[in-house]
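Coordinate analysis (summary)
Listed below are the residues making up each chain.
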Amino acid sequence: METSIGSVDAAKPAPNGMVGSPPSATAHPITPCLPAAAIPSECTLGGHVARRLVQVGVRDFFGVPGDFNLTLLDHLIAEPGLNYVGCCNELNAGYAADGYARAHGVGACVVTFTVGGLSVLNAIAGAYSENLPLICIAGGPNSNDFGTSRILHHTIGLPDFSQELRCFQTITCFQAVVNNLEDAHELVDTAISTALKESKPVYISISCNLPGIPHPTFTPEPVPFSLSPRVSNKMGLEAAVEATVAFLNKAVKPVMVGGPKIRVAKAGDAFVELANASGYAVAVMPSAKGLVPETHPRFIGTYWGAVSTAFCSEIVESSDAYIFAGPIFNDYSSVGYSLLLKKEKAIIVEPDRVVVANGPAFGCVLMKDFLRELAKRLKKNTTAYENYQRIFVPEGQPLEAAPKEPIRVNILFKHIQKMLSGDTAVIAETGDSWFNCQKLKLPDGCGYEFQMQYGSIGWSVGATLGYAQAAKDKRVIACIGDGSFQVTAQDVSTMIRFGQNPIIFLINNGGYTIEVEIHDGPYNVIKNWNYTAFVEALHNGEGKCWTAKVFCEEDLKEAIETATGPKKGCLCFIEVIAHKDDTSKELLEWGSRVAAANSRPPNPQ
């Protein structure tokens, strides 16, 4: 019997935030079902769920207790391989599971029925948009209440318990409502395996009276969790490679661009293999930053249309052939649909499909298999990179700050750049941090995450908590705007509680700057907080925490020296006071183009 997990045995957490396969399980013999009287007390639904989470690689899960999930939580925390991280609210628990999945390969959160489930929805939707395997478990009503006309608390006052399920159906790839023990084993295993195979969130509801009841299907030594490896259609793969080779080998100056779906395809290594073999210039889409090594000798930067890094868009858009691996072309990544690309010049490689220019298309072809086979067949062509070298002019440095001059954001990021190493990871919040962090040059091994497709402000606080909990070998550097921070600030206390040591740069410029540059109004101004005092209140003398308020470059240097020196074992919160109009030039350009796309008049009817 096949007992290996996933398509890669003994997989390790992948570098640069790539979602990897869970670790392989130890093979166990199949234990015959026992008579009901002889079923050990540990053979319960709660114990089975806990063991499955451990088998697929979950070490920490995030949640908020509620009366419908308390018994389930008892069984989960009784599992030695699981650690419960209690969050301040369900939204942050979901964001934390998202960040954990980015660093570790799979994440999990546990909430209570409806009031918890509906609170976590936004985070689960974000994980769905970013193709993250996340297991969301909700404690559900007592199994005896299903099919009755009873009205329960935590509901909208109707004898219909399906509201939560219906909400999750559009933002998860599988939903399991476990309200009897006969099919519980199958439902739980199907949900977890679907999350891993599809690299999307799943929803599991477990009736509150079931976790502690023994059942014959939950044996002490269950059949190990396993997934059948996905394979490419051999003929389709050969045909796709043949058509692509014919297309690219006749091109004069082809280029490669990495997209965010490299993560879900687990094709990062294959992409680098192709880059090495082909000689092509290599760029990434903004949402793929961190998935491709920026130290590659032919890396030319971020391709983001009009707000690309210097000289990158000119090389990509003037190419006569480009291969995009795992792209997502939305209004944000296309800068208001303004990319100067032509379909007839493009090879689009999806996780399991390849489209060559205007056709043909080849299905059942896995990205990593395709890229590796392509690497064996392409002629080496360095023309595009040579053209890049001819036009490239090194970036200038920001103007030196005068003594005690109010700090500028470009000065801040000059110093953040110096902090980066293979032992750090960057979390960039939605806002101007997107654009400033995009210009950071990542050393080998430096993690990088942001949520571009969903773009939910406040995501970064929970994501920092989850990422730091998973990647304990890295120090997380989070860049968060004041408006975003106000949405989810409470769980800084959870970071302190669990002894985490991220460095949080709170950029206080008085409002929702990214919205200002799209469409300004009085609603973009927020109430200012004393942020350092707020974090000190969360600290409350328990755990390790240090705060600083920065007004000028001298303050910043001193704060960074302290955070990376005597306070390196603490959570360090550095509030940077910035001018409300101090934005990157990229945000100004991007904002105007997105505003133009948003304000297009209706087409004539």
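Residues numbered from 1 in each chain as written. Predicted model: local features only at pLDDT ≥ 70, side-chain atom pairs only at ≥ 80, totals over all residues. Heavy atoms only, no water.

As a further point, take the overall build of the chain. Along its length, the chain carries 21 helices and 19 strands. Here the C-alpha radius of gyration of the chain, 25 Å, is about what a compact globule of 605 residues would show, namely 25 Å. On the principal axes, the C-alpha backbone points of the chain span a range of 80 × 65 × 60 Å. Within the chain, the proportion of its 605 residues that are buried is 58%. Carbon and sulfur atoms provide 54% of the accessible area of the chain, an area that totals close to 23,900 Å². In the chain, 49 positive and 60 negative side-chain charges are present, and the distance between their average locations comes to 6 Å. (Helix = DSSP H or I, 4+ residues; strand = E, 2+ residues; numbered from the N terminus. Rg over C-alpha atoms; globule rule 2.2 N^0.38 Å. Buried < 20%, exposed > 50% of the residue type's maximum accessible area, 1.4 Å probe, protein only. Areas by Shrake-Rupley, 256 points an atom, 1.4 Å probe, with all protein chains shown as cover. Lys, Arg positive; Asp, Glu negative; His and termini not counted. Charge placed at Lys NZ, Arg CZ, Asp CG, Glu CD.)

With that out of the way, let us pick up the environment of Ile503. The topology assignment puts Ile503 in strand 17 (residues 503-508). Residues Ile503 and Ile477, 26 residues apart in the sequence, show an inter-C-alpha distance of 4.9 Å. Those residues in contact with Ile503, other than ones at most four positions away along the chain, are Met419, Arg475, Val476, Ile477, Ala478, Ala563, Thr564, Cys572 and Ile574. (Contact = heavy atoms within 4.5 Å.)

Our focus in this paragraph is the UniProt feature "binding site: Mg(2+)" (unreviewed entry) in the chain. What UniProt calls "binding site: Mg(2+)" (unreviewed entry) maps, in this numbering, to Asp482, Asn509 and Gly511. Considering the C-alpha atoms alone, the annotated residues occupy 30 residues of sequence yet fold into one spot, their largest mutual distance being 7.0 Å. On the secondary structure map, Asp482 appears in helix 16 (residues 482-488). A relative accessible area of 1% places Asp482 in the buried class. As for its placement among the helices and strands, Asn509 is situated in the loop between strand 17 and helix 18 (513-518). Residues in contact with Asn509, not counting those within four places in the same chain, are Asp482, Ala578, His579 and Lys580. (UniProt positions renumbered as here; feature names shortened; annotations may be inferred.)

A few words now on the pairing of strand 6 (residues 202-207). A large share of strand 6 lies buried, amounting to 6 of its 6 residues. Of the two faces of strand 6, the one holding Val202, Ile204 and Ile206 and the one holding Tyr203, Ser205 and Ser207 are both buried throughout. As defined by bridge partners, strand 5 (residues 175-178) adjoins strand 6 across 4 bridges and the pair is classed as parallel. Residue Val178 lies in a different strand from strand 6, and its bridge partner there is Ile206. Crossover connection from strand 5 via helix 6 (residues 184-198) to parallel strand 6: handedness right-handed. (Pairing = 2+ DSSP bridges. Right-handed = clockwise from strand over helix to strand, strands pointing away.)

Another point: the nonpolar core. With 53 residues, the main nonpolar core has Phe62, Ile124, Phe168, Phe485, Val492 and Phe573 as its most contacted residues. A per-element tally of this core places helix 3 (residues 90-104) first, with 8 residues. Looking at which domains feed residues into this core, each of domain 1 (45-207) and domain 3 (409-591) gives three or more. If near-sequence neighbours (up to four positions away) are discounted, Phe168 is found in contact with Gly117, Val120, Leu121, Ile124, Cys136, Gln175 and Tyr203. Judged by nonpolar contacts, the second largest core, of 45 residues, contains Ile407, Met452, Phe505 and Trp546. (Core = buried A, V, L, I, M, F, W, Y, C linked by side-chain atoms within 4.5 Å. Domains from an automatic or database assignment.)

What follows covers the side chain of Glu90. Here Glu90 is to be found in helix 3. Despite its burial, Glu90 remains without a salt bridge, the nearest opposite charge being carried by Arg497 at 13 Å. Beyond its immediate stretch of four places on either side in the chain, Glu90 contacts Val64, Val111, Gly116, Ser119 and Val120. (Salt bridge = Lys/Arg side-chain N within 4 Å of Asp/Glu carboxyl O.)

A separate point is the layout of surface pockets. In this structure, the largest pocket encloses a volume near 730 Å³. Around the largest pocket, the lining comprises 26 residues; the ones closest to its centre are Glu395, Gly396, Pro398, Asn410 and Lys439. Secondary-structure elements contributing two or more residues to the lining of the largest pocket are helix 13 (409-419), helix 14 (432-438) and helix 21 (585-598). Taken together, domain 2 (234-391) and domain 3 (409-591) each give at least three residues to the lining of the largest pocket, which thus spans both. (1 Å grid on protein atoms, 1.4 Å probe; cavity = no way out; pocket = protein on both sides within 12 Å on 5 of 7 lines; lining within 4 Å. Points joined across faces, edges and corners; volume = space filled by probe spheres on them.)

Time to look at the packing of helix 3 against helix 4 (residues 117-129). In the contact formed by helix 3 and helix 4, the axes pass within 6 Å of each other and the chain directions differ by 20°. Taken as axis vectors, helix 3 and helix 4 run roughly parallel relative to one another. Once helix 3 is placed against helix 4, the crossing between them reads as right-handed. Across the interface between the two elements, Glu90, Leu91, Gly94, Tyr95 and Asp98 from helix 3 touch Ser119, Val120, Asn122, Ala123, Gly126 and Ala127 from helix 4. Residue classes in the contact of helix 3 with helix 4 are distributed as 5 nonpolar, 4 polar and 2 charged. (Axes fitted to C-alpha atoms, helices over the stretch in contact; angles between N-to-C directions. Parallel < 35°, antiparallel > 145°, perpendicular 65-115°, else oblique. Left-handed = near helix turned anticlockwise from the far one by under 90°. Nonpolar A, V, L, I, M, F, W, Y, C, P; charged D, E, K, R; others polar.)

It is worth spelling out the sheet that holds strand 10 (residues 322-325) at this point. With respect to topology, 7 strands assemble into an open sheet ordered 9-8-7-10-11-12-13, the strand pairing being mixed. Looking at strand neighbours, the two that pair on one side only are strand 9 (299-302) and strand 13 (361-363), the edges of this open sheet. For this sheet, the mean inter-axis angle between neighbouring strands, taken without regard to orientation, is 15°. Across 4 bridges, strand 7 (residues 255-258) lies against strand 10 in parallel orientation. Residue pairing across strands places Gly258 opposite Ala325, the latter belonging to strand 10.

Turning to unusual backbone geometry, a few remarks are in order. The omega angle of the peptide bond from Gly359 to Pro360 is 5°, so this bond is cis rather than trans. Here Pro360 is to be found in the loop between strand 12 (353-356) and strand 13. Phi at Tyr337 takes a positive value of approximately 60°, unusual for a residue other than glycine. Within the secondary structure, Tyr337 is located in the loop between strand 10 and strand 11 (346-350). For Lys404, which is not a glycine, the phi torsion comes out positive at approximately 65°. By secondary structure assignment, the location of Lys404 is in the loop between helix 12 (383-391) and helix 13. Classification of Lys404 by relative accessible area gives exposed; the value is 58%.

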